[in-house]
Number of protein chains: 2
Amino acid sequence: MSRTAVIAGSGRLPAAVAGALDAPLVCALDGFSPEGLAVDMVFRVERLVPFFHALEDAGVTTVTFAGAVQRPRLDPALFDAGTAQLVPRLMGAMAQGDDATLRAVIGLFEEAGFAVEGTARIAPALVPGAGVLCGTISDRDEADATRAAAIVQALGAVDVGQGCVVAQGLCLAVEALPGTDAMLAGLATLDARLRPDPARGRGLFYKAPKPGQDLRVDLPTLGPDTVARVAEAGLGGIVWEAGGVICLDRAGMIAAASDAGLFLWAR
Amino acid sequence: MSRTAVIAGSGRLPAAVAGALDAPLVCALDGFSPEGLAVDMVFRVERLVPFFHALEDAGVTTVTFAGAVQRPRLDPALFDAGTAQLVPRLMGAMAQGDDATLRAVIGLFEEAGFAVEGTARIAPALVPGAGVLCGTISDRDEADATRAAAIVQALGAVDVGQGCVVAQGLCLAVEALPGTDAMLAGLATLDARLRPDPARGRGLFYKAPKPGQDLRVDLPTLGPDTVARVAEAGLGGIVWEAGGVICLDRAGMIAAASDAGLFLWAR
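In this text the structure is predicted, and so the values were computed from the model without any measurement.

**Student:** Would you take a moment to explain the interface of chain A and chain B for this structure?
**Tutor:** How big an interface is tends to be stated in terms of the accessible area lost upon association of its parts. With 21 residues of chain A in contact, the opposing surface of chain B contributes 21 residues. Three residues, Val158, Leu177 and Pro178 of chain A, lead the burial of chain A against chain B; their summed loss comes to 32% of the area buried on that side. Where chain A touches chain B, the interface holds zero salt bridges. If you look at where chain A meets chain B, you find six residue pairs in polar contact (both at pLDDT 80 or more). Broken down by secondary-structure element, the contributors of at least two residues to the side of chain A that touches chain B are helix H7 (139–157) and strand E8 (170–174) of chain A. Taken together, the residues of the side of chain A that touches chain B sort by class into 18 nonpolar, no polar and three charged.

**Student:** What am I meant to see in the relation of the copies chain A and chain B here?
**Tutor:** Both copies of the chain are placed relative to one another by a rotation about an axis and a shift along it. Expressed as a screw transformation, the operator carrying chain A onto chain B has a rotation angle of 179° and an axial translation of 0.0 Å, and the superposed copies differ by an RMSD of 0.1 Å. On the angle and the small slide along the axis, the relation comes out as a two-fold axis. A symmetric contact is evident, with 100% of the interface residues of chain A recurring at the interface of chain B.

**Student:** In this structure, what is going on with the domain arrangement of chain A? I would like to understand it.
**Tutor:** Residue and element names in this part refer to chain A. Assigned domains within chain A: domain 1 (3–122) and domain 2 (127–266). Between the C-alpha centres of domain 1 and domain 2 there is a distance of 30 Å. Listed per partner, the contact involves 13 residues of domain 1 and ten residues of domain 2. For the pairing of domain 1 and domain 2, the buried interface totals around 1,100 Å² over both sides, and the portion due to carbon and sulfur atoms is 66%. On inspection of domain 1 and its partner domain 2, the count reaches one salt bridge. Across the salt bridge formed by Glu110 and Arg216, the nearest N and O atoms sit 2.8 Å from each other. Applying the counting criterion to the domain 1 and domain 2 interface returns two residue pairs in polar contact (both at pLDDT 80 or more). Of all the elements in the fold, those that place two or more residues in the side of domain 1 that touches domain 2 are helix H1 (13–19), helix H5 (98–111) and helix H6 (119–122). Broken down by element, the side of domain 1 that touches domain 2 gets its largest block of residues, four residues, from H5.

**Student:** Please explain helix H2 (residues 48–57) of chain A as it appears in this structure.
**Tutor:** Residue and element names in this part refer to chain A. What H2 keeps buried is the set Leu48, Val49, Phe51, Phe52 and Leu55. Take H2 and look down its axis: the buried residues cluster within an arc of 155°, on one side only. Tucked inside the fold, the buried residues of H2 contact strand E1 (3–8), strand E2 (25–29), strand E3 (41–43), strand E4 (60–66), helix H3 (81–84) and H5. Two residues or fewer after H2 comes Gly59, characterised by a positive phi angle close to 85°.

**Student:** What exactly am I supposed to notice about the sheet that holds E4 of chain A here?
**Tutor:** Pairing between the strands of a sheet comes from backbone hydrogen bonds, and it takes one of two forms, parallel or antiparallel. All names here are of chain A. Taken in spatial order, the five strands line up as E3-E2-E1-E4-E5 in an open sheet, and their pairing is parallel. Each edge of the sheet is formed by a strand with only one pairing partner; in this case those strands are E3 and strand E5 (115–116). For E2 and E3, the ladder comprises three bridges, and the chain directions are parallel. When the bridges of E3 are listed, Cys27 appears paired with Met41. Sitting on the sheet, H2 is in contact with E1, E2, E3 and E4, with an inclination near 160° to E3.

**Student:** Help me understand the UniProt feature "domain: LpxI N-terminal" (unreviewed entry) in chain A, please; the structure alone is not making it clear to me.
**Tutor:** In this structure's numbering, the residues bearing the UniProt feature "domain: LpxI N-terminal" (unreviewed entry) are residues 4–126 of chain A. Between the C-alpha atoms that bound residues 4–126 of chain A the distance is 17 Å, and the span itself is 39% helix and 18% strand.

**Student:** Sorry if this is basic, but what is going on with empty space enclosed by the protein here?
**Tutor:** In this approach a probe as big as a water molecule rolls over the atoms, and the regions it shows empty are the leftover space. For the structure on display, the rule yields two cavities of 30 Å³ or more. Roughly 90 Å³ of internal volume is contained in the largest cavity. Every residue lining the largest cavity is listed: Asp99, Leu102, Arg103, Gly212, Gln213, Asp214, Val217 and Asp218 of chain B. Taken together, the residues of the lining of the largest cavity break down into two nonpolar, two polar and four charged. Lining the lining of the largest cavity are residues from two domains, each supplying at least three of them: domain 1 (3–122) and domain 2 (127–266) of chain B. Counted as a void, the second largest cavity has a volume near 40 Å³. Lining the second largest cavity are Ala167, Leu172, Arg195, Pro196, Pro198, Gly201 and Arg202 of chain A. The class makeup of the residues in the lining of the second largest cavity is four nonpolar, one polar and two charged.

The rules behind the values
Residues numbered from 1 in each chain as written. Chains lettered and ligands numbered in written order. Predicted model: local features only at pLDDT ≥ 70, side-chain atom pairs only at ≥ 80, totals over all residues. Heavy atoms only, no water. Contact = heavy atoms within 4.5 Å. Buried area = accessible area lost by both parts, 1.4 Å probe. Salt bridge = Lys/Arg side-chain N within 4 Å of Asp/Glu carboxyl O. Polar contact = N/O pair within 3.5 Å; in protein donor to acceptor, adjacent residues only side chain to side chain. Helix = DSSP H or I, 4+ residues; strand = E, 2+ residues; numbered from the N terminus. Nonpolar A, V, L, I, M, F, W, Y, C, P; charged D, E, K, R; others polar. Least-squares fit on C-alpha atoms with pLDDT ≥ 70 in both. Domains from an automatic or database assignment. Buried < 20%, exposed > 50% of the residue type's maximum accessible area, 1.4 Å probe, protein only. Arc of directions from axis to C-beta. Pairing = 2+ DSSP bridges. Axes fitted to C-alpha atoms, helices over the stretch in contact; angles between N-to-C directions. UniProt positions renumbered as here; feature names shortened; annotations may be inferred. 1 Å grid on protein atoms, 1.4 Å probe; cavity = no way out; pocket = protein on both sides within 12 Å on 5 of 7 lines; lining within 4 Å. Points joined across faces, edges and corners; volume = space filled by probe spheres on them.

Rendered as structure tokens:
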């Protein structure tokens, strides 16, 4: 028997990923609950080695990560002997930041004998390949998308954000710690004199994974809410890196974008 | 006789620069008026060569640029024969953006026989060299400044902004087209849950010229208003690249920062 475990964090993504699988084992980190999805097994980082054994016992050969987790607090009293030996490695990775921590966690699962697969492989419908999903892309939009991709690439090198807004070649906003929603809300309330005339090109929101990140975990996510915020910000559409961004509820996104006259482009 | 001409745009900087000179000739681009400074000569881009001759006749050997100008509209009917020959070069530069345009303009003045000097040389009191102007800098602030400088460096490579905000190593905001004030206003109204606990480090606003820019023109400018906005944004201070940023009213900035408990550091 070969079974896939969904290692679930919070939000709606775990249910969407589990829905693409035949009889997945749903596992959740203690303290994080996926929305609309029953959890089969709860685990703690302090008892990772016993959790690996439990996965084996359940016939799991492949794992996939889905949903947001914040860095958990660790209780020294809970460690088993096997997991305790992993602590120096985990701590070293955590000190280097979130990317290093995720790489370390993936490495531990792989060394325990599990295949780690990304959302694009497990649930390809959630990660659109290249193509225009709705609307039309002008030459101006193409040029703006090229510039936006270069900006996000440069930002990624200094570990800042995964998105920006470009209109008529001009960078109107860059995503930082507060995130996409805060950036788009700021644009929605920006004095019109501080942005170029929308009649000559409304501009676009661009999203991509960090350059060099492991595409099996922590992909940026778009959804119908994003479409609504982009419309409120007065932009013409959303462009993202094909194969590198999750679209939660693609049909809902297309419906919302079509209603609002926006384009959606997996580039 | 050797005289310096101040080529003035709008704002308060031209008066500050002129105040540091002995009997400057104040020249303004038609349509732009410096604040609090009488203009001796108005010129138009279409008649740049006759303007060069008028400068020579007035005994000018050195020029310095001060104050903001937007790209002027050109009236083809106004060109003289000499300036008309410069048009292809100016148009080519304008098509490449503001930096290229400024480099081309500097080149034209130099080829006409004028020395072009920056504000730091003409009015050194306006461009602080390295040092802490007020407040104290913690190790946390030093680390944040290092990270902020790296971010602005990376942004400059894609021609975005000249500033950012970093707190506890995290990038809270990046300056884009709307400018410093819009960025700081956005932070001032940001949901407190979207930024790190200020009790552990309030963070700083960092400002620098674009990497590789000609430091003789278009330096970023700070003033007492900037200090007020940084305080409203809940930050701990302002750090900037020593020798690369103009401080309009340094005494006023120090007074405002001291009142608000902020540090000012030319790094």
